[in-house]
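# Overview (structure and organization)
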Amino acid sequence: MYNVHALEKGLARNHDLRPGFGRKALSDLNDALVIYLQHDYPANEFAYQQGVSVIQRYSETMEAIGQGTEMLHELVDPCFLSSSDSYRAAGTTVIKRSDKLANYLKDFYSLAQGRSSVREFSGEGVESDKVRRALQNATKTPSVCNRQGWSVYWIEDKELAAEILGHQRGFGYKQMPEILLIITVSNNVFLSPVERNEAFVDGGLFAMSVMYGLEHEGLAAVPLNAMMYARDQRAVRNLADIADAEMIIMFIAIGSFPESSHVPISDRRPASEFIKQRGKPKVYQNNA
C-alpha cells in the first residue's frame with residue numbers, strides 16, 4: 001500500500017507529471033506482487049487488487065503521454081499489465097471546487113467520506129477565520145484526563161514554510177500552502193513514563209478534528225507526517241521555536257481549492273476486513 005500510494009500521488013500531479021517517475025515504487029510493488037502470487041494467496045485481497053490496479057493506471061497514463069512505457073516493461077511482470085475492468089480501484093479522481101462550496105451543509109458522514117487530501121492549491125488567499133473556527137471546534141477533541149496538551153504553530157510566511165517543509169521531505173510541490181500548521185503535544189502534561197505514547201494519541205485525535213473542521217469550512221488541506229531524521233527535527237524546532245518537551249505530531253498544509261484537481265483515489269479497506277469480534281455476539285430481540 002505504501003508503494004501504491006506513492007504511485008497514486010505521482011499520477012495526481014496536474015501540471016508537472018514526470019514521464020517515467022516512480023521507478024523504485026514500481027519495482028518494489030512488482031516484487032511484492034510476484035511473491036504474493038508465488039505463495040498462491042487470494043487474488044481478491046484488498047492490497048493485491050490495489051497493486052495491480054495502480055500498475056494498470058500507470059501504464060495507461062504513460063501510454064497516453066507516449067513516454068515511460070519502456071521502463072514499465074523492464075520493471076513489471078507482463079501478467080500485471082493486462083488491463084482488466086476488475087482492477088479499477090486505484091488511481092486518481094477529480095475534485096471540483098464547486099462541489100466543496102456547500103460543505104457546511106453536509107451531514108458528518110457525507111463530509112467525512114468526501115474528504116480527500118489536496119496538495120495542489122490555487123494560490124488564492126485563505127480566510128484565517130475559517131482556520132480559526134476549525135481549530136476552535138477541535139478543542140472538543142478528547143484528551144487523556146482532559147489535559148489538552150496540544151499547541152498549534154501557525155505559519156503564513158511562505159519562505160519559512162518552504163524551509164520547514166524542506167526538512168519534512170514529503171510535500172513535493174513548489175506552490176506553498178497559504179497556511180502551514182504544526183501540531184504538537186507537550187510531554188509536560190503527562191505524569192510518568194507509562195504515558196510515554198499519549199502525546200501521539202491525543203495529538204492524532206486533535207489533528208483529525210482539525211482536518212474535518214477544515215473540510216467543513218471548504219478549505220483544501222493535506223496532513224503531512226512528522227517522522228523526520230533527528231537533524232531535520234532539530235532544524236524544524238529551531239525554525240518554528242518549538243520546545244524540546246513538545247512532540248511534533250503532524251504538519252497540515254492549507255490552501256484554497258483550484259477549480260479542479262486530480263487527487264489519489266486512496267481507496268479504503270471495507271470495515272468487514274478489520275473488525276475482529278471476540279467472545280459471543282449479543283443477540284438483540286425485537287419486542288415490538
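Given the structure is predicted, the values throughout are model-derived calculations rather than measurements. (Residues numbered from 1 in each chain as written. Predicted model: local features only at pLDDT ≥ 70, side-chain atom pairs only at ≥ 80, totals over all residues. Heavy atoms only, no water.)

It is worth spelling out the overall build of the protein chain at this point. Looking only at helices and strands, the protein chain has 10 helices and six strands in total. The principal-axis extents of the C-alpha atoms in the protein chain amount to approximately 60 × 55 × 40 Å. By the burial criterion, 41% of the 288 residues in the protein chain qualify as buried. Across the protein chain, every contact between residues at least 6 apart in sequence was considered, and the portion connecting residues at least 24 apart equals 79%. When the accessible surface of the protein chain is summed, it comes to about 16,500 Å², and 50% of that surface belongs to carbon and sulfur atoms. The protein chain carries 31 positive and 35 negative side-chain charges, and their two centres are separated by 5 Å. (Helix = DSSP H or I, 4+ residues; strand = E, 2+ residues; numbered from the N terminus. Buried < 20%, exposed > 50% of the residue type's maximum accessible area, 1.4 Å probe, protein only. Contact = heavy atoms within 4.5 Å. Areas by Shrake-Rupley, 256 points an atom, 1.4 Å probe, with all protein chains shown as cover. Lys, Arg positive; Asp, Glu negative; His and termini not counted. Charge placed at Lys NZ, Arg CZ, Asp CG, Glu CD.)

Considering only enclosed or pocket space, the second largest pocket measures out at about 220 Å³ in volume. As for the second largest pocket, its lining consists of 15 residues, of which Leu101, Lys130, Glu217, Gly218 and Leu219 are closest to the centre. Within the lining of the second largest pocket, the residues separate by chemical class into five nonpolar, five polar and five charged. (1 Å grid on protein atoms, 1.4 Å probe; cavity = no way out; pocket = protein on both sides within 12 Å on 5 of 7 lines; lining within 4 Å. Points joined across faces, edges and corners; volume = space filled by probe spheres on them. Nonpolar A, V, L, I, M, F, W, Y, C, P; charged D, E, K, R; others polar.)

We now examine unusual backbone geometry. Note: most residues except glycine have negative phi, and most peptide bonds are trans. Its identity is not glycine, yet Asp40 carries a phi of approximately 60°, on the positive side. Inspection of the secondary structure puts Asp40 in the loop between helix 2 (23-38) and helix 3 (46-65). Unusually for a residue other than glycine, Arg169 sits at a positive phi of about 70°. On the secondary structure map, Arg169 appears in the loop between helix 7 (158-168) and strand 3 (179-186). The class of Arg169 is exposed, set by a relative accessible area of 53%.

With that out of the way, let us pick up empty space enclosed by the protein. Enumeration according to the criterion identifies two cavities of 30 Å³ or more in this entry. In this structure, the largest cavity occupies an estimated 80 Å³ of space. Lys9, Ala12, Ser117, Val118, Arg119, Glu120, Tyr173, Ser261, His262, Val263 and Pro264 together form the lining of the largest cavity. For the lining of the largest cavity, the element with the highest residue contribution is strand 6 (residues 260-264), accounting for four residues. Class assignment of the residues belonging to the lining of the largest cavity gives a composition of five nonpolar, three polar and three charged. Empty space within the second largest cavity amounts to approximately 30 Å³.

With that out of the way, let us pick up helix 1 (residues 2-11). Buried within helix 1 are the following residues: Asn3, Val4, Leu7, Glu8, Gly10 and Leu11. For helix 1, the arc enclosing every buried residue in end-on projection is 160°, short of the 170-degree limit, so these residues lie on one face. In this fold, the buried residues of helix 1 make contact with helix 2, helix 3, strand 1 (92-96) and strand 6. (Arc of directions from axis to C-beta.)

Our focus in this paragraph is the sheet that holds strand 2 (residues 150-155). The strand order across the open sheet built from four strands is 2-3-5-4, with neighbouring strands paired in antiparallel fashion. Two strands bound the open sheet, and with one partner strand each, they are strand 2 and strand 4 (220-225). Between one strand axis and the next, the sheet turns by 25° as a mean value, whatever way the strands run. As paired strands, strand 2 and strand 3 are joined by six bridges and run antiparallel to one another. By the bridge assignment for strand 3, Trp150 is matched with Val185. Running over the sheet, helix 6 (residues 128-138) touches strand 2, strand 3 and strand 5 (246-255) and is turned about 170° from strand 2. Strand contacts of helix 8 (residues 198-216): strand 2, strand 3, strand 4 and strand 5, with the helix running at about 10° to strand 5, the strand carrying the most contacts. (Pairing = 2+ DSSP bridges. Axes fitted to C-alpha atoms, helices over the stretch in contact; angles between N-to-C directions.)

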